[in-house]
Amino acid sequence: MQKPVAVVTGAASGIGLALSRALVDAGYRVALADVRVEPLRAARDGILKDAPSAELLDVVSDVTSAESVVALAETVVREWGAVDLVINNAGVIGPVSTTWSGPLEQWHLAVDINFWGVLHGMRAFLPGMIERDSGRLVNVASVAAWSSAPQMGSYGATKHAVMALTESAYRELAELGSKVALSVVCPTTVRTGLVTHLEGTESAGEAKLLAARERGLQPEEVAALVLEGIAAGDYLITTDRAWLVNAAKQRLGVAEGGEPPLDREPPR
Ligand SMILES: NC(=O)c1ccc[n+]([C@@H]2O[C@H](COP(=O)([O-])OP(=O)(O)OC[C@H]3O[C@@H](n4cnc5c(N)ncnc54)[C@H](O)[C@@H]3O)[C@@H](O)[C@H]2O)c1
């Protein structure tokens, strides 16, 4: 029997690389996609070194471009046939700045990658899955889809958007009576390169992020949890359910006229 096929965007490092390795171990053929050519090749070589029989494709693909993501889908279908699992994982932290500052081009880039990148992935892969009435698409959001910290407006806004896109599509698939499944992943801080470009910088928001990363989870822990969630058929996959509950309660507190109107610190 043929192995199932998975596609992972942002597969060259961090959570995407850990997910790709875990999927290989779980018996998938994995298409690794990333915009950075050398790290992508290094990721492929590293996986093959540890798992010489792994069946991999490495596809340079930029999620900010609809054409590039469609080309990724076409490549995988041409090489392997139907896609069973897509993980829209590529993402950036965006500018760590107040909402009224930060270079506008960085705000646009955060939207291009975190919002448009996910939507491009949904539009490139979901129609084929719907036609076959099978498959799962997983969007990687964050706990930042539930509560937005100071200086994290671009990240928070784009991750809230990922949650909204996933939720709408989930209900659309239900309306269709489709068997295609969706999941959304909301991890707390993970020790990856996501904030590496901030090192050596000095704003309070950036210092907080770098400190949080040191206490973060390992990407392998998140990957294992995502695979467990997929196997269980979970829609919401998170590393910290209590965090999400506290975030929702904070917002409800606002609705009920709680004082102060919104806790100044995000949930813990
Ligand atoms: N690290 C965390 O604390 C954390 C927490 C919650 C959610 N997340 C989310 O997890 C996902 C993976 O992040 P990570 O922490 O592994 O960071 P990372 O920087 O290690 O990995 C992100 C990958 O995305 C790729 N990428 C960036 N722009 C791209 C583009 N235009 N097209 C294709 N690929 C592109 C990068 O080259 C990189 O390999 C992101 O969506 C991130 O928001 C991370």
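All figures in this text were calculated on a predicted structure; none of them were measured in a lab. Here, residues in each chain are numbered from 1, in the same order as that chain's written sequence. The model is predicted, so local features are restricted to residues of pLDDT at least 70 and side-chain atom pairs to those at 80 or more, both for listing and for counting; the totals for chains, interfaces and linings are taken over all residues.

A. Molecular detail of the overall build of the protein chain. Put simply, DSSP marks the helices as runs of H or I at least four residues long and the strands as runs of E at least two long, and each gets a number from the N terminus on. The secondary structure content of the protein chain amounts to eight helices and seven strands. Along the longest, intermediate and shortest principal axes, the C-alpha atoms of the protein chain span 60 × 45 × 30 Å. Within the protein chain, the fraction of its 268 residues that count as buried is 39%. Taking all contacts inside the protein chain whose residues are at least 6 apart in sequence as the whole, residues at least 24 apart take part in 69%. Any residue surrounded by 20 or more other C-beta atoms within 10 Å of its C-beta is treated as buried, while 12 or fewer makes it exposed and the intermediate range makes it partly exposed; C-beta atoms here are placed from the backbone. Residues are defined as contacting one another if the C-beta atoms placed from their backbone atoms lie within 7 Å.

B. Structural view of the confidence of the model for the protein chain. Across the protein chain, the average pLDDT comes to 93, with 92% of residues at 70 or higher. As a per-residue quantity, pLDDT reports the predictor's confidence and falls between 0 and 100. The secondary structure element of the protein chain with the lowest average pLDDT is helix H6 (residues 204–214), at 76, and the one with the highest is strand S4 (residues 85–88), at 99.

C. Molecular detail of unusual backbone geometry. The phi dihedral of Asp 133 is positive, around 60 degrees, even though this residue is not glycine. Mapping Asp 133 onto the fold places it in the loop between helix H4 (104–132) and strand S5 (136–140). In the Ramachandran plot, Gln 151 falls in the positive-phi region, its phi being about 65 degrees despite a non-glycine side chain. Turning to its location among the elements, Gln 151 is positioned in the loop between S5 and helix H5 (153–176). Exposure remark for Gln 151: the 21 C-beta atoms within 10 Å place this residue in the buried category.

D. The pairing of S5, seen in detail. The element S5 is extensively covered by neighbouring structure, given that four of its five residues are classed as buried. Strands pair, by our definition, only if DSSP identifies at least two bridges between them. Where S4 meets S5, four bridges bridge the pair, whose relative direction is parallel. When the sheet's bridge partners are listed, Leu 85 is paired in S5 with Arg 136. Of the crossover connections in this fold, the one passing from S4 over H4 to the parallel S5 is right-handed. Relative to strand S6 (residues 181–186), S5 runs parallel, the two sharing five bridges. Of the residues in S6, the one forming a bridge with Arg 136 is Ala 181. In the classification by handedness, the crossover that spans S5, the intervening H5 and the parallel S6 is right-handed. Call a crossover right-handed when, viewed with both strands pointing away from you, the route from the first strand across the helix to the second goes clockwise.

E. Region of interest: the site of the ligand. Near residues are defined by distance alone, with the backbone-placed C-beta atom required to lie within 6 Å of the molecule or strand. Every one of the 29 residues lining the ligand counts as a neighbour, but Gly 10, Gly 14, Gly 91, Thr 192 and Leu 194 are closest to it. Of all the secondary structure elements, the ones that give two or more residues to the shell around the ligand are helix H1 (14–25) and H4. Take the shell around the ligand: its biggest share by element is three residues, from H1. Partitioning the shell around the ligand into residue classes produces eleven nonpolar, 15 polar and three charged. Each residue is assigned to one of three groups, with Ala, Val, Leu, Ile, Met, Phe, Trp, Tyr, Cys and Pro labelled nonpolar, Asp, Glu, Lys and Arg labelled charged, and all others, Gly among them, labelled polar.

F. Here's a closer look at the sheet that holds strand S3 (residues 56–60). The seven strands lie next to each other as S3-S2-S1-S4-S5-S6-S7, forming an open sheet whose pairing is parallel. Edge strands, defined here as strands with exactly one partner in the open sheet, are S3 and strand S7 (236–238). Direction aside, the axes of adjacent strands within the sheet are offset by 15 degrees on average. In terms of strand pairing, strand S1 (residues 5–9) meets strand S2 (residues 29–34) through five bridges, oriented parallel. Residue Thr 9 lies in a different strand from S2, and its bridge partner there is Ala 33. Interaxial angles span 0 to 180 degrees and are taken between N-to-C directions of axes, which are lines fitted to C-alpha atoms, for helices over the stretch in contact. Sheet strands in contact with H1 are S1, S2, S4 and S5, and its direction is about 170 degrees off that of S1. Here H5 sits on the sheet and contacts S5 and S6; the angle it forms with S6, its principal contact strand, is near 160 degrees.

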